[in-house]
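Here's the letter readout for the chains.
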2 protein chains.
Amino acid sequence: MHGLEIERFSTDNHLSLIFRIQTEALKSIHDFLHEMDLVQLMPVILSPITDPLTHPVHDVRISYLGQELQLTKSMIFHKQIAIATLGVKGIYIMSPNVRFELGALEESEKHLLEFTQLDIELQGATAPEFMLLMENLIIHVFSQVKESCEKELDVLDVDLCIPSKPFNVYNSWNLREKYGSDFGYKISMREKDPFWITDFEREFYDKEDPHRRGHYINYDLYFPEGFGEVLSGGERDYEYKILLRKIQERNQDPTHFEHYLEYAKQGLLVPSAGGGLGIERMIRFLTKKKLIKDITLFPKVPGTRIVL
Amino acid sequence: MHGLEIERFSTDNHLSLIFRIQTEALKSIHDFLHEMDLVQLMPVILSPITDPLTHPVHDVRISYLGQELQLTKSMIFHKQIAIATLGVKGIYIMSPNVRFELGALEESEKHLLEFTQLDIELQGATAPEFMLLMENLIIHVFSQVKESCEKELDVLDVDLCIPSKPFNVYNSWNLREKYGSDFGYKISMREKDPFWITDFEREFYDKEDPHRRGHYINYDLYFPEGFGEVLSGGERDYEYKILLRKIQERNQDPTHFEHYLEYAKQGLLVPSAGGGLGIERMIRFLTKKKLIKDITLFPKVPGTRIVL
């Protein structure tokens, strides 16, 4: 039996403090997004389509009555379709994602096989508009946690700074030139507050700058002190011809995205911007725990055996 | 292509009303449970163990690095372990469940392959204590929705009644005698307000009355007008010998629940009561939609092809 895990569970009283902080953080997220008039949708767990991601993971397909389904890696396509269908200003979902990371991530301090994204999409929004919403959200959550969880933060020895707007913004191309390929970690170690990095070449759905091909109108939110990336997002491409070209440029198979592309072909998708914030990564930062597994009750670390 | 679904998406403006109501309902749930001082945990999607349920479903196992995992059918075991580990008064989780229902449910008005349970567990609570919490929650949610969504309810032609405490309580044995095996639907058609049915013989973890073997200290919450069951729960058995006997009585294999039983064997589990409320079933009632698929954006009806 797994005596170690049981021992950890029954003696680590930090967990109840961590989950009290998590409870306040989640409550303040719902309060803020409700105040912003966003519509909350339920998560999708299984679908014929999901995010192709930019890094390789084990591809698990599940068969139900002869149909192949995938576990959600992110709800990007469902978000784009939902926001166009409902015609609302913005949506959000507390979206569990499953990513069967390859064993190489076993040593990662910030990866879990399953985690929850706060997935947001705003109709017709620009990147700066989305970034401002997120800055306001982060400031609201940090402030609420600092106010409601003074005792818990004290026991955990966390000195939580409330960041000021606007957050610093860096361009990934400049950072890569200055710091090399590991620029994200290096600058996260230097910064004192949350900051943005923009313009990453990645998935086909992030908007490419029509005037500067190869550059993207997208962004990652980073936390300082080496905690690194906590949100990825961007403005979205939504026109059929552009999406199809970008899928082909990435040597991906358009038939994998068939129903999504059909929406685009019929002109049913709309401009939007959005992103996904990793809840567990935010809790890790709020509690200043080095290992993300230490803020979960039932740890699912890539490459390791799962107990519960 | 699936032109029909796309047409429905782009023309059914009821969906934006339904999701506005859902947003208010979810917000009022978080407000209420936060006020009650419950700790919110993140959902578990994959685990070596999950609820065996009392009705048969396709058993899907997923292999990750040689380990077999299941999609969560309910978080019952994780809830029992969590509440014992954290030593808090109560926990809740917005828990997506996947149940690969057999094709026979294709005609069901109230089943989805995936749905979200509001899963609650209260340490040391009795059945009446949990039932009172739920009655207060239902009254709070209905009142908030009625107040915030007057316009939406009006367009949907819903006359939402706010129930009074205490809800009616019926015993399943009496109902079965009076109405036959279909008693749940029949009494749901007769009632005007939410009500409870108690004492169901089912999963091994629901507490058996020690003085009346074969009777159980558990409950289902039903909605009236034929909408039927929306919550199942009970006091829990937590002692190793009792759990083991009940597993064996059901011809289930104790090794399937190995890590859970190890907690019980070490005396680490504690008395509790709880239950799981189907969010989509509640939204179906609040919007008085006959078919549960009509309150989802991406319908997943048992036995039918999944588009998105």
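As the structure is a prediction and not an experimental result, all values here were calculated from the model. (Residues numbered from 1 in each chain as written. Chains lettered and ligands numbered in written order. Predicted model: local features only at pLDDT ≥ 70, side-chain atom pairs only at ≥ 80, totals over all residues. Heavy atoms only, no water.)

**Some remarks on the overall build of chain A**
To be explicit about the condition: Labels follow the DSSP assignment, with helices taken as runs of H or I lasting at least four residues and strands as runs of E lasting at least two, numbered in each case from the N terminus. Three exposure classes are used, based on accessible area relative to the maximum for each residue type with a 1.4 Å probe and protein chains only: buried under 20%, partly exposed in between, and exposed over 50%. For this analysis, residues touch if any pair of their heavy atoms sits within 4.5 Å. We get accessible surface area from the Shrake-Rupley algorithm with a probe of 1.4 Å; when it comes to residues, only the shown protein chains can shield them. All tallies of charge rest on Lys and Arg as positive and Asp and Glu as negative; His and the ends of each chain are not included. Where a charge lies is defined by one atom per residue type: Lys uses NZ, Arg uses CZ, Asp uses CG and Glu uses CD.
In terms of helices and strands, chain A carries ten helices and eleven strands. Oriented by its inertia axes, the alpha-carbon framework of chain A measures out at about 55 × 50 × 40 Å. Considering chain A as a whole, with its 308 residues, one finds that 61% of them fall into the buried category. Contacts in chain A between residues at least 24 apart in sequence constitute 71% of all its contacts with a sequence separation of at least 6. Carbon and sulfur atoms provide 49% of the accessible area of chain A, an area that totals close to 12300 Å². Between the centroid of the 35 positive side chains of chain A and the centroid of its 47 negative side chains there is a distance of 2 Å.

**Comments concerning the sheet that holds strand β3 (residues 61–64) of chain B**
All names here are of chain B. Note the following rule: Strands are labelled as partners when DSSP assigns at least two bridges between them.
Pairing is antiparallel in the open sheet, where three strands are placed in the order β2-β4-β3. Of all the strands in the sheet, just β2 (46–47) and β3 have a single pairing partner and so form its edges. Pairing of β2 with strand β4 (residues 67–71), which is carried by two bridges, proceeds in the antiparallel orientation. Paired with S47 across the strands is Q70, a residue of β4.

**Concerning helix α2 (residues 14–35) of chain B**
Residues and elements named next belong to chain B. Formally: Take the residue count of a helix, subtract one, and multiply by 1.5 Å to get its expected span.
For α2, spanning 22 residues, the distance from its first C-alpha to its last is 32 Å, which sits close to the expected 32 Å at 1.5 Å a residue. Within α2, 17 of the 22 residues are buried, which leaves it mostly tucked inside the rest of the structure. Backbone geometry just after α2 places D37 at a positive phi near 70°.

**Quick notes on the confidence of the model for chain A**
Any residue range with low pLDDT should be treated as having predicted coordinates unsuitable for detailed reading. Put simply, the rule reads: The pLDDT value tells you how sure the predictor is about a given residue, anywhere from 0 up to 100.
Summary statistics for chain A give a mean pLDDT of 93 and a share of 95% for residues scoring 70 or more. Here the predicted complex carries an ipTM of 0.95, next to a pTM of 0.96.

**Some remarks on the relation of the copies chain A and chain B**
Put simply, the second copy of the chain is the first one after a rotation about an axis and a shift along it. As a reminder, the rule being used: Residues below a pLDDT of 70 in either copy are left out; the C-alpha atoms of the rest, at least 70 in both, set the least-squares superposition of the copies.
Of the two same-sequence chains, chain A is brought onto chain B (RMSD 0.0 Å, axial shift 0.0 Å) by a rotation of 180°. Viewed as a symmetry operation, the transformation between the two copies matches a two-fold axis. Taken together, the interface assignments show that 100% of the residues at the interface of chain A recur at the interface of chain B, consistent with an identical surface on both copies.

**Notes on the sheet that holds strand β5 (residues 90–98) of chain B**
Residue and element names in this part refer to chain B. Stated formally: Under this scheme, a helix contributes an axis fitted over its contacting stretch, all axes are lines through C-alpha atoms, and angles between N-to-C directions fall in the 0 to 180 degree range.
What the eight strands build is an open sheet, ordered β1-β5-β6-β11-β10-β9-β8-β7; its pairing is mixed. The outermost strands of the open sheet, each flanked by one partner alone, are β1 (39–40) and β7 (168–171). Bridge count between β5 and strand β6 (residues 114–123): nine bridges; the pairing is antiparallel. Across the sheet, M94 pairs through a bridge with L118, a residue of β6. Along the sheet, helix α7 (residues 183–190) contacts β7, β8 (195–198), β9 (218–223) and β10 (228–235); its crossing angle with β8, the most-contacted strand, is approximately 155°.

**Thoughts on helix α8 (residues 240–249) of chain B**
All names here are of chain B. Put simply, the test is: Here the arc refers to the directions that run from the helix axis out to each C-beta atom.
What α8 keeps buried is the set L243, L244, K246 and I247. One face of α8 carries all of its buried residues, which in axial projection span an arc of 165°. Close packing links the buried residues of α8 with α9 (258–265). At the exit of α8 stands N251, carrying a positive phi of roughly 55°.

**So, the packing of aromatic side chains**
Here is the rule: Note on aromatic contacts: the rings of Phe and Tyr and the six-membered ring of Trp form a pair at centre separations within 6.5 Å, being stacked when their planes are under 30 degrees apart, edge-to-face when over 60 apart, and tilted otherwise. Charge-over-ring contacts are defined here by two conditions on Lys NZ or Arg CZ: a distance within 6 Å of the ring centre and an angle within 35 degrees of the ring normal.
Tallying each qualifying case throughout the model produces 34 aromatic pairs over all chains. Arranged with centres 5.8 Å apart and planes meeting at 75°, the rings of B:F204 and B:Y205 form a pair that is edge-to-face. On the basis of relative accessibility, which here comes to 0%, the residue B:F204 falls in the buried class. Pairwise contacts between aromatic rings join A:F77, A:F204, A:Y205, A:F257 and A:Y260 into one cluster. In this structure, A:K288 is placed above the aromatic ring of A:F285, and the distance from its NZ or CZ to the ring centre is 4.9 Å.

**Regarding the interface of chain A and chain B**
The following threshold applies: Joining two parts hides part of their accessible area as seen by a 1.4 Å probe, and the buried area is that hidden amount summed over both. Just to be clear on terms, a salt bridge is a Lys or Arg side-chain nitrogen sitting within 4 Å of an Asp or Glu carboxyl oxygen.
Between chain A and chain B, the contact holds 70 residues from the first and 70 residues from the second. Both faces combined, the contact of chain A with chain B buries some 6500 Å², and carbon together with sulfur accounts for 70% of it. When the buried surface of chain A facing chain B is broken down by residue, A:M42, A:Y64 and A:L308 rank first, second and third, together holding 11% of it. Here chain A and chain B share four salt bridges between them.

**Considerations on the environment of B:G303**
Residue and element names in this part refer to chain B. Residue placement: G303 occurs in the segment after α10 (279–286). Residue classification places G303 among the partly exposed positions, given a relative accessible area of 23%. Sequence separation of G303 and E107 is 196 residues, and the distance between their C-alpha atoms is 8.7 Å.

**Overview of the pattern of salt bridges**
Under the definition given, this model contains 46 salt bridges over all chains. Between A:E68 and A:R61 there is a salt bridge, with the nearest N and O atoms lying 4.0 Å from each other. The class of A:E68 is partly exposed, set by a relative accessible area of 47%. Since its relative accessible area comes to 37%, A:R61 is described here as partly exposed. Between B:K246 and B:D237 there is a salt bridge, with the nearest N and O atoms lying 2.5 Å from each other.

**Examining the packing of helix α4 (residues 127–148) of chain A against helix α10 (residues 279–286) of chain A**
All names here are of chain A. For clarity, the threshold we go by: In what follows, roughly perpendicular refers to angles from 65 to 115 degrees, roughly parallel to angles under 35, roughly antiparallel to angles over 145, and oblique to any angle outside these ranges. Should the near helix be turned anticlockwise from the far one by less than a right angle, the crossing is termed left-handed; should it be turned clockwise, right-handed. Residues are sorted three ways: Asp, Glu, Lys and Arg are charged, Ala, Val, Leu, Ile, Met, Phe, Trp, Tyr, Cys and Pro are nonpolar, and all the rest, Gly among them, are polar.
Two numbers describe how α4 lies on α10: the axes approach to 12 Å, and their chain directions differ by 50°. Relative to α10, the element α4 lies oblique. Read as a crossing pair, α4 and α10 show a hand that is right-handed. For the pair α4 and α10, contact is made by I138, V141, F142 and V145 and by M282, F285 and L286, respectively. In terms of residue class, the contact of α4 with α10 is built from seven nonpolar, no polar and no charged.

**Points about the pairing of β5(B)**
Residue and element names in this part refer to chain B. Taken across its nine residues, β5 has nine buried, putting it largely inside the fold. Of the two faces of β5, the one carrying G90, Y92, M94, P96 and V98 and the one carrying I91, I93, S95 and N97 are both buried. Here β1 pairs with β5 via two bridges, running parallel. Residue pairing across strands places V39 opposite I91, the latter belonging to β5.

**So, the side chain of B:E135**
All names here are of chain B. Along the polypeptide, E135 turns up in helix α4 (residues 127–148). Of the side chains with opposite charge, K165 lies nearest to the buried E135, which makes no salt bridge, at 6.6 Å. Beyond its immediate chain neighbours, meaning those up to four positions away, E135 contacts K165, P166, F167 and W196.

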